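# Structure assessment
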Amino acid sequence: MTQRLNSTPKQDGYRMPAEHEPHAAVWMAWPERCDNWRNGAKPAQKTFVEVARAIAKTTPVTMAVNAEQYDNARSRLPEEIQVVEMSTNDSWMRDIGPSYVVDDAGHRHGVDWHFNAWGGLMDGLYFPWDKDDQVARKMCEITGDETYRAPLVLEGGSIHVDGDGTLYTTEECLLHPSRNPDLSKEEIERQLCDHLSVEKVVWLPRGLYNDETNGHVDNIMHVVKPGEVVLTWCDDPADPQYEISREAFDALSSVTDARGRAIKVHKIPMPGPLFINEEEALSIDCSEGMEREAGERLAASYANYLITNGQIVLPLLDERFDAEVAEIMKRLYPGYDVSGVDAREILLGGGNIHCITQQVPRV
């Protein structure tokens, strides 16, 4: 059994590596909630299989599955994808899985954040969330990594790191009263520095428009490499995203990173705007926490992609922009394969490819 550590990663010489560093595996969790995924989650399951297939071209994939869905998932997934029985409340592995940290000697631990379904009883999307809150520790038991239980409510999609001392996040999410209302901005920064060994936190004011996670940073921007990011961009002054993207651009352009570099910002087009249609809305069970009504604006973004072992797994969301964004990715990541997956079914559930994946760094 792996043990709980009473120190912090910073004290022990561990840091969170960037997503573009090598991966030992990528974990996902099988979708089945009928109040989040339409038609009994069957279309979403098909898309999750396609994402897993794409990742498996370069990186081993493990799928966590509730017991009742084990046979179904095992029969739908390729043999090379590992399927493990693990209880979850939903399937957002980025937010419920651990943030792995490594040291220079080739060791790896996991940071286990508190999870409250994006807002707890104040603003959360579902209740209970107890199974999701156990996932990080269970994953580390399987990967053989000791864990730190961080004293912070935090989802993995609310942070990006560059592996070189800089962390990116949004004030909208981390300072939201439904997360850590007793902590100041400075205290939250200290916890991030202690548990991920970052030296500087870059704050964007807001995340993507109408993002039900309270503005996760991974849905508006991504780190290409230290000192370089992509940012969702909107050119329509009448669109609420127009102002949000400019705020973010100004925030990124007005600071340097942990190493004193000016941050280079690559603008990528925003798909849509996209909306839930009536057929899609009617095929999702009603629930209190999640807005799944016809006409609801979807928080669609190409920035919600996964980097893994020389490959970009990119959500395809709007045929007007899909090819253009794929070309941008090829230019920004020379030598990488760009695998596009039709990702509308993930988007209907409230996120995208980055949100449903969690990398385990190679050591």
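Read on for a plain summary of the structure. (Residues numbered from 1 in each chain as written. Predicted model: local features only at pLDDT ≥ 70, side-chain atom pairs only at ≥ 80, totals over all residues. Heavy atoms only, no water.)

### With respect to helix α2 (residues 42–55)
- Helix length check: α2 (14 residues) gives 20 Å between terminal C-alpha atoms against 20 Å at 1.5 Å per residue, within 8%.
- Burial of α2 is extensive: 10 of the 14 residues sit out of reach of the surface.
- Listed in full, the buried residues belonging to α2 are P43, A44, Q45, T47, F48, V49, V51, A52, A54 and I55. (Helix = DSSP H or I, 4+ residues; strand = E, 2+ residues; numbered from the N terminus. Expected span 1.5 Å × (residues − 1). Buried < 20%, exposed > 50% of the residue type's maximum accessible area, 1.4 Å probe, protein only.)

### Examining the pattern of salt bridges
- In total, this model carries 23 salt bridges according to the counting rule given.
- A salt bridge links D112 to R4; its shortest N-O distance comes to 3.0 Å. With a gap of 108 residues between them, D112 in strand β6 (residues 108–114) and R4 in strand β1 (residues 4–5) connect regions that are remote in the sequence.
- Accessibility expressed as a relative area gives 2% for D112, which makes it buried.
- Across the pair D164 and R261 runs a salt bridge, and its minimum N-O distance is 2.7 Å. Placement of D164 in the loop between β8 (160–161) and β9 (166–170) and of R261 in the loop between α9 (240–253) and β13 (264–269) is noted, with a sequence separation of 97 residues between them.
- Note on D164: relative accessible area 23%, which makes it partly exposed.
- The exposure class of R261 is partly exposed, given its relative accessible area of 29%.
- A single network of salt bridges, built from pairs that share partners, joins D164, E199, D257, R259 and R261. (Salt bridge = Lys/Arg side-chain N within 4 Å of Asp/Glu carboxyl O.)

### Digging into the pairing of β9
- Along β9, 5 of the 5 residues are buried, which leaves the element largely enclosed by surrounding structure.
- Bridge count between β8 and β9: 2 bridges; the pairing is antiparallel. In the strand pairing of β9, V161 is matched with L167.
- Where β8 folds back onto β9 in an antiparallel hairpin, the turn is made up of 4 residues, including G163, whose phi is positive at roughly 75 degrees.
- Sheet topology note: the β9/strand β10 (residues 200–204) ladder contains 5 bridges and is parallel. Along β10, the bridge assignment pairs T170 with L204. (Pairing = 2+ DSSP bridges.)

### Topic: the environment of K57
- Mapped onto the fold, K57 is located in the loop between α2 and β3 (61–65).
- Considered as a pair, K57 and K131 are 74 residues apart in the sequence and their alpha carbons are 30 Å apart.
- If we ignore the near neighbours within four places in the chain, the residues touching K57 are Q311 and S339.
- At 2.9 Å, the side chain of K57 and the side chain of S339 are in polar contact. (Contact = heavy atoms within 4.5 Å. Polar contact = N/O pair within 3.5 Å; in protein donor to acceptor, adjacent residues only side chain to side chain.)

### Here we look at the pairing of strand β5 (residues 99–102)
- Side chains S99 and V101 project from β5 onto one buried face, and the interleaved Y100 and V102 project onto a second face that is buried too.
- Linking two consecutive strands that pair antiparallel, namely β5 and β6, is a turn of 5 residues; a positive phi of about 90 degrees is found at G106 within it.

### Some remarks on the sheet that holds β1
- On the basis of which strands lie adjacent, the open sheet formed by 4 strands has the order β1-β7-β6-β5 and mixed pairing. Each edge of the open sheet carries a strand with a single partner, namely β1 and β5.
- Across the sheet, helix α6 (residues 130–143) lies against β1, β5, β6 and β7 (147–153), angled at about 170 degrees from β6, the strand it touches most.
- Relative to the sheet, helix α8 (residues 185–196) contacts β5, β6 and β7, its axis offset from that of β7 by approximately 165 degrees. (Axes fitted to C-alpha atoms, helices over the stretch in contact; angles between N-to-C directions.)

### Description of the sheet that holds strand β16 (residues 337–342)
- If you walk across this open sheet you meet the 3 strands as β14-β15-β16, and the pairing is mixed. Edge strands, defined here as strands with exactly one partner in the open sheet, are β14 (306–307) and β16.
- As paired strands, strand β15 (residues 311–316) and β16 are joined by 6 bridges and run parallel to one another. Of the residues in β16, the one forming a bridge with L314 is G340.

### Quick look at the environment of P271
- Turning to its location among the elements, P271 is positioned in the loop between β13 and α10 (278–282).
- Along the primary structure P271 and A300 are separated by 29 residues, whereas in three dimensions their C-alpha atoms are 6.3 Å apart.
- Residues contacting P271, with those up to four places away along its chain left out, are A300, S301, Y302, L317, D318 and F321.

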